[in-house]
Amino acid sequence: MRYIANTDQQKREMLKEIGVSSFEELIGTIPEEMRFRGELDIPGPLSEAELEEEFADLAKRNADFTSLKPLIGAGAYKHHLPRAIQALLGREEFYTSYTPYQPELSQGTLQAMFELQTYLARLTGMEVVIPSVYDGASATAEAALMSLRLTRKNRIIISSTLHPHYRSVVETYTAPHGTEIIELPYQDGLVAGPRLEKVLTDDTAAVIVQSPNFFGGIEKIAELAGLAHARSALFIQVVAESISLGLLKTPGEMDVDIVAGEAQSLGMELSFGGPYNGYLGARKKYLRQLPGRIAGETVDRDGKRVFVMTSRAREQDIRREKATSCICSNHGLNIIASDIYLSLLGTEGFYQTALLNTRAAHYLEERLVASGGFERVFDYPFFNEFLLRSKKPLPGIRASLLEAGFLPPLALGAFIGDESLENTALFCVTEIFSREKLNRVTQLLST
Amino acid sequence: MNPEDLLFTKDHEWIESGKSPARIGISDYAQKELTDIVYVELPEPGTEVEKGASLVTLESVKATSDVYAPAPGKITAVNSDLEDNPQKINESPYGEGWLVELEISDSAPLDELMDYAAYEKYLKEEEV
Amino acid sequence: MKLIFEKSIKGRVGYSLPADRIEEIRVEDCIPPYARGRKKDLIEASEVDVVRHFTQLSKFNYGIEDGLYPLGSCTMKYNPKVNEHLAGLGNFANAHPFAPADTVQGCLKLMHDLSVLLCRITGMDAYTLAPAAGAHGELAGILIIRKYFEDRGEQRSKMLVPDSAHGTNPASSAMAGFKVVELKSNKSGTVDIGELERLMDEDTAGMMLTNPNTVGLFDGRIDEIAKIVHGKGGLLYYDGANLNATLGILRPGDTGFDIVHLNLHKTFATPHGGGGPGAGPVGVKKFLSPYLPSPVVVFNGENYRLRDPGEKSIGMMRAFWSNFSVLIKAYAWILSLGGKGLREVSEASVINANYVLVKLKDYYRPSYDRFCAHECVLTGRDYKKLGVKTMDIAKRLMDYGYYPPTIYFPHFKPYAEETMMVEPCESEGKEVLDDFIAVMIKISEEARSNPELLRDAPHRTRIRRTDDVLAIRRPILHYDDELRLKDELNYRPEDINF
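Note that the coordinates shown come from a computational prediction; the quantities given were computed from them, not determined experimentally.

So, how was this worked out
- Residues numbered from 1 in each chain as written.
- Chains lettered and ligands numbered in written order.
- Predicted model: local features only at pLDDT ≥ 70, side-chain atom pairs only at ≥ 80, totals over all residues.
- Heavy atoms only, no water.
- Helix = DSSP H or I, 4+ residues; strand = E, 2+ residues; numbered from the N terminus.
- Rg over C-alpha atoms; globule rule 2.2 N^0.38 Å.
- Buried < 20%, exposed > 50% of the residue type's maximum accessible area, 1.4 Å probe, protein only.
- Contact = heavy atoms within 4.5 Å.
- Areas by Shrake-Rupley, 256 points an atom, 1.4 Å probe, with all protein chains shown as cover.
- Lys, Arg positive; Asp, Glu negative; His and termini not counted.
- Charge placed at Lys NZ, Arg CZ, Asp CG, Glu CD.
- Phe/Tyr/Trp six-rings, centres within 6.5 Å; stacked < 30°, edge-to-face > 60°.
- Lys NZ or Arg CZ within 6 Å of the ring centre and 35° of its normal.
- Buried area = accessible area lost by both parts, 1.4 Å probe.
- pLDDT = per-residue confidence, 0-100.
- Pairing = 2+ DSSP bridges.
- Salt bridge = Lys/Arg side-chain N within 4 Å of Asp/Glu carboxyl O.
- Nonpolar A, V, L, I, M, F, W, Y, C, P; charged D, E, K, R; others polar.
- Expected span 1.5 Å × (residues − 1).
- Arc of directions from axis to C-beta.
- Axes fitted to C-alpha atoms, helices over the stretch in contact; angles between N-to-C directions.
- Domains from an automatic or database assignment.
- Polar contact = N/O pair within 3.5 Å; in protein donor to acceptor, adjacent residues only side chain to side chain.

What follows deals with the overall build of chain B. When you go through chain B residue by residue, the secondary structure sums to three helices and nine strands. Its C-alpha atoms give chain B a radius of gyration of 14 Å, near enough to 14 Å, the size a compact globule of 128 residues would have. C-alpha atoms of chain B, sized along the principal axes, occupy 35 × 35 × 25 Å. Looking at chain B residue by residue over its 128 residues, the buried ones come to 48%. Relative to all contacts within chain B whose residues are 6 or more apart in sequence, the contacts with residues 24 or more apart total 59%. Accessible surface for chain B amounts to roughly 6,400 Å². Of this, 42% is attributable to carbon and sulfur atoms. For chain B, the separation between the mean place of its 10 positive charges and that of its 29 negative charges on side chains is 4 Å.

Here it is in structure tokens:
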């Protein structure tokens, strides 16, 4: 067995030194009748060559995703990833190491956490950032739970323009606490202030709004946050497409209390839905209620500037049932991926990428509408996703796009079960689309 | 405060002897075991507590520890100075590092506590 | 070491975009003034600057390929290279989670087949692959228990958790709305049956258990435990943290457990990534399968697809389906070993742990002096009177090139104090363990002859012991916090650039 070191001879020697005659003697405390007898019904063992063949066959059952360009986002975005990211993540010191409990041997991981905390603080305008929970959806749910603890209230208003998966996860996490969840209907693709005002009460813990929202629309966050604050509710902004932060106002500038973000766009592959990485930003005074690990700066015995995990007493291994969350493993390696991604793009690269996303998306949207094959569903500002109603049935469009090498947009009406959105398609365009490709898409969908 | 005037629990809490309201804190041994205290979670004054209820949570870098009520009663005051200066518990566990003041509703449980000499002896026995 | 922000040089570029930026579209026409923000200040560096920075950073870390990583309870085994390659195959890495089902049959088949294999390994009937980590699996599992009782119209408010349990167990139970009742361990380190009988009642939803438990001991009385818990209508939950001792030896499903979570990043050799990502599949007995989180993969004999388990489901635990690339690696590892190989994994790891225990027990008095499973719990108790703590022993190990064992866990009085938990996985050879044992013995001598050396350790690492109290009292949680305190901090150049 190539992953087991000791030979049978060595194992016998070791058993002898332990003072037993057989392995069975070592596990003598397990009663006979409880033990598994026989051999596990598992295929293999496969040699490395066989393994590669097996997986190549599996991969071939998928479409050719290496060349398919997605016109779909909906919470998972295809951006160009510099090759340096994967090359650096392949360093064993990063990917095989454990959680940095021993700072003397973990400065690489800890400094990367600190650096990403800095980047995300700048992008979100928040005072303190937890750089990793599992994903944007669980970050949103954690933010919701946090708002319940901070306000000691048990009612949450969720915009209907929140990603349906995120909403479902919030429901799952809050179910044991009997939290009342109010869905706020959208108006022309966005949350409408007067509608929010109507459902806001003094016993509301938080208002959760995604922006850019699930339809791609850019919400009037500052106005909505002001309404929430007027009723002493916290305002939680969800950011599912973090590239948008390159162009938009920071949540901090718009008086958001907690940001729940998804960092997949910042250096992660699509990977059929995971692992991605969630982050949480908040005002500093809320630090003690934040779940998850955070790195802080301090000094070592020689006075060197070093980094450690800090404010640890919020965490489950110390606080047990009183912890802010049960989260233990996070998505540490994805922290490093985002740190590398943002470092490579830099100030100008990140800004230009965000700019190109929105320009390319608007370019396609205008052309599709001008082609006569589509009409606008909402009159709203958007970042890199937009909703159009097709005049032709969607299945036909899907087939022609796939054939031409494009992954079709999301059929939104069917996806969220809203008849008023029948035959609508949620498009996503990122910087990976050149003008020629966008023209090609327009041409395909106009004929 | 002079430790001679205090009663001690086996969990290393102290309470002023023969007084009500009585101040409550942790022993010098306890603060050393906990190491540097970095955060104190204090109760609201006015709270009624049962004997054995958690009064205060103390946090060091790598541990948290609850301080339990040695007798039932009502909290009449808390040492809110500790919120900004938790290190005072380490610096002066019997003085400025007191935690809460309890108006004792039933002093019977205090009969089981140790005086300072008995507590010192208890600490020696514990050290094995 | 310098932060990336301190290496920024104005005008440097590390990334390029196409020349055609579709500039005729004006951003002012796209983004209204209420939302349009300023350019965010990140850094300016060339690609090679960035690559060197992260290469240097990596050298401040210690990985499994640097040497023994005997962290108890963490199962730090070798992460095969080929598995990384397989997870990176273009058709997997670039698959969009909302791509039509007929375009992702490879992904769905892998998820389906992995679930089947996990069922066989653990003796369960159905799996969800959604949870992103062990604790996330625990939360899903406890929510399943909650939903099951709700569905039956039973109100149960408590969950039993042994004092030796990982902190995640009580934390997950509390997060799922249960009151945690702690169960004391007995003198032999296992569940106190009398205590269990006393505490288990009809208001208790169940009990969470690890077997072998967190002190590294097999609990041979699982059948009795299961009888007591089931007798009061409760469910028995298996924390798979220590599954590495049990493959092909003991299946939770055969021994009374109703629900289990696994840690693919432990037993199944997927890398820990400096904290994650892992994956925490949850397996259940048939009667609990309607409560699994959404969605599950189904196969109709021809095609695979994702399906919502229905209205009894606890709902979604995360966006999309799973930590898919982690699943690929775990599936590959299982196939590499086969049924016989999996049992050999557990045999080899149990032998390794007992070998270390026997060789070191005269130097570091174990919490329990009996054969252990895949990890052993030693203690530094006898050195405390010399003024040497377990922490000091751990730090001294770094000077000899080892990552220290898990320390101060498990931690419960009076049996588990000053603990050091050593888990030498199957991928470690006897000669590696012999070297480690020799160093541990040497350190025990140093503790007697020169305790100061230990108290001051490590000496040979790139940084020394850190001031964790200062980190809390003077919180600097990102670089802009540091910049605000620049004058007060007053670092010398060598404090930053090393």
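Next comes the rest of the account.
Looking only at helices and strands, chain C has 17 helices and 12 strands in total. Taken against the 2.2 N^0.38 rule, which gives 23 Å for 498 residues, the C-alpha radius of gyration of chain C at 26 Å falls within 12% of a compact globule. With the principal axes as the frame, chain C shows a C-alpha extent of 75 × 70 × 40 Å. Across the 498 residues in chain C, those meeting the buried criterion constitute 69%. Within chain C, residue pairs in contact and separated by at least 24 positions form 70% of the contacts whose partners lie at least 6 positions apart.

On to the environment of Pro 170 of chain C. Considering the arrangement of structural elements, one finds Pro 170 of chain C in helix H7 (residues 168–175). For Pro 170 of chain C, a relative accessible area of 1% puts it in the buried group. Pro 170 of chain C sits 10 residues away from Leu 160 of chain C along the chain, and the two C-alpha atoms are 8.6 Å apart. Ignoring sequence-local partners within four residues, the contact set of Pro 170 of chain C consists of Arg 320 and Glu 321 of chain A together with Val 161 and Val 180 of chain C.

Our next topic: the packing of aromatic side chains. Residue and element names in this part refer to chain C. Within this structure, the stated rule accounts for 41 aromatic pairs over all chains. Each ring, one from Tyr 62 and one from Tyr 403, has its centre 5.8 Å from the other, and the planes form 45°; the classification is tilted. Taken together, the residues Tyr 62 in the loop between helix H2 (47–58) and helix H3 (81–87) and Tyr 403 in the loop between helix H11 (390–399) and strand S11 (406–407) connect sequence positions 341 residues apart. Among the residues examined, Tyr 403 registers a relative accessible area of 1% and is labelled buried. Stacked on the ring of Phe 178, the Lys or Arg Arg 146 has its end atom at 5.2 Å from the ring centre. One Lys or Arg, Arg 460, reaches over the ring of Tyr 400 and ends 5.4 Å from the middle of that ring.

Contact residues are listed per partner, giving eight residues for chain B and six residues for chain C. The contact between chain B and chain C buries some 600 Å² in all, and 59% of this surface belongs to carbon and sulfur atoms. Of all residues in chain B, Val 38, Val 61 and Lys 62 of chain B bury the most surface against chain C, accounting for 59% of the area lost on that side. Counting residues per element, the ones that place at least two in the side of chain B that touches chain C are strand S4 (37–41) and helix H2 (87–91) of chain B.

Right, let's get into the confidence of the model for chain C. Confidence in the prediction of chain C, expressed as mean pLDDT, is 96, and 100% of residues score 70 or more. Here the prediction assigns the complex a pTM of 0.97, and the interface score ipTM is 0.98.

Attention now goes to the sheet that holds strand S16 (residues 410–411) of chain A. Residue and element names in this part refer to chain A. One open sheet accounts for four strands, arranged S13-S14-S17-S16; its pairing is antiparallel. Lying at the two open borders of the sheet, with one neighbouring strand each, are strand S13 (374–376) and S16. Relative to strand S17 (residues 424–428), strand S14 (residues 385–390) is paired through five bridges, and the arrangement is antiparallel. Bridge pairing in S17 places Leu 388 opposite Ala 425.

Residues and elements named next belong to chain A. Among the five residues in S17, five count as buried, and that is most of the element. The alternating pattern of S17 places Thr 424, Leu 426 and Cys 428 and Ala 425 and Phe 427 on opposite faces, both of which are buried. Pairing geometry for S16 and S17, over two bridges, is antiparallel. Bridge assignment links Leu 410 to a residue of S17, and that residue is Leu 426.

Tallying the contact residues gives 193 residues for chain A and 212 residues for chain C. A combined buried area of about 17,600 Å² lies between chain A and chain C, and 63% of that area is made up of carbon and sulfur atoms. For chain A, the biggest contributors to the area lost against chain C are Tyr 3, Phe 272 and Arg 305 of chain A; these three give 6% of the whole. Linking Lys 39 of chain C and Glu 348 of chain A is a salt bridge whose minimum nitrogen-to-oxygen distance equals 2.7 Å. It is helix H12 (residues 332–370) of chain A that provides the largest number of residues to the side of chain A that touches chain C, a total of 26 residues. Looking at the side of chain A that touches chain C, its residues break down into 93 nonpolar, 51 polar and 49 charged.

This part takes up the pattern of salt bridges. Considering all chains together, one arrives at 68 salt bridges over all chains under this definition. For Glu 426 of chain C, the salt bridge is made with Lys 77 of chain C, and the minimal N-O distance between the two is 2.9 Å. Here the residue Glu 426 of chain C occupies a position in the loop between strand S12 (419–422) and helix H12 (430–449), and Lys 77 of chain C occupies one in the loop between H2 and H3, the gap between them amounting to 349 residues. Here Glu 426 of chain C falls in the buried class, since its relative accessible area comes to 2%. Judged by its relative accessible area of 2%, Lys 77 of chain C falls in the buried class. The residue Arg 396 of chain C makes a salt bridge to Glu 446 of chain C at a minimum N-O spacing of 2.8 Å. With Arg 396 of chain C in helix H11 and Glu 446 of chain C in helix H12, this pair connects stretches of sequence that are 50 residues apart. Three or more residues are tied together by salt bridges with common partners; here these are Glu 24, Glu 32, Arg 35 and Arg 37 of chain A together with Arg 343 and Glu 347 of chain C.

What follows is about helix H15 (residues 435–446) of chain A. All names here are of chain A. For H15, built from 12 residues, the straight-helix expectation of 16 Å at 1.5 Å per residue is met to within 8% by its first-to-last C-alpha distance of 16 Å. Buried within H15 we find Leu 438, Val 441, Thr 442, Leu 444 and Leu 445. Buried residues of H15 fall within an arc of 165° about the axis and therefore sit on the same side. In this structure, the buried residues of H15 make contact with H12, S13, helix H13 (394–403), strand S15 (406–407) and S17.

This part covers the sheet that holds strand S6 (residues 259–261) of chain C. All names here are of chain C. Taken in spatial order, the seven strands of this open sheet run S1-S7-S6-S5-S4-S2-S3, and their pairing is mixed. Two strands in the sheet have a free side with no partner beyond their single neighbour: strand S1 (126–128) and strand S3 (179–183). Averaged over all pairs of adjacent strands, the angle between strand axes in this sheet comes to 25°, irrespective of strand direction. With three bridges connecting them, strand S2 (residues 158–162) and strand S4 (residues 204–209) associate as parallel partners. Across the sheet, Lys 158 pairs through a bridge with Thr 204, a residue of S4. Each of S2, S4, strand S5 (235–239), S6 and strand S7 (282–284) touches helix H6 (residues 134–151); the most contacted strand, S5, lies at about 175° to it.

Now for the domain arrangement of chain C. In terms of domains, chain C is made up of domain 1 (4–61) and domain 2 (83–335). If you average the C-alpha positions of domain 1 of chain C and of domain 2 of chain C, the two centres end up 41 Å apart.

Right, let's get into the side chain of Asp 239 of chain C. Residue and element names in this part refer to chain C. Note on placement: Asp 239 falls in strand S5. Among buried Asp, Glu, Lys and Arg side chains, Asp 239 stands out as unpaired, with Lys 266 the closest opposite charge at 5.9 Å. For Asp 239, the side chain forms a polar contact with the side chain of Asn 169, separated by 3.1 Å. Every residue in contact with Asp 239, bar those within four places of it in the chain, is listed here: Glu 138, His 166, Asn 169, Leu 209, Thr 210 and His 261.

What follows concerns the side chain of Asn 357 of chain A. Residues and elements named next belong to chain A. As for its position among the elements, Asn 357 is in helix H12. In this structure Asn 357 comes out as buried when scored by relative accessible area, which is 0%. Among the polar contacts made by the side chain of Asn 357, one reaches the side chain of Glu 431 at a distance of 2.9 Å. Ignoring any residue separated from it by four or fewer positions in sequence, one finds Asn 357 in contact with His 79, Ile 243, Phe 383, Asn 384, Val 429, Thr 430 and Glu 431.

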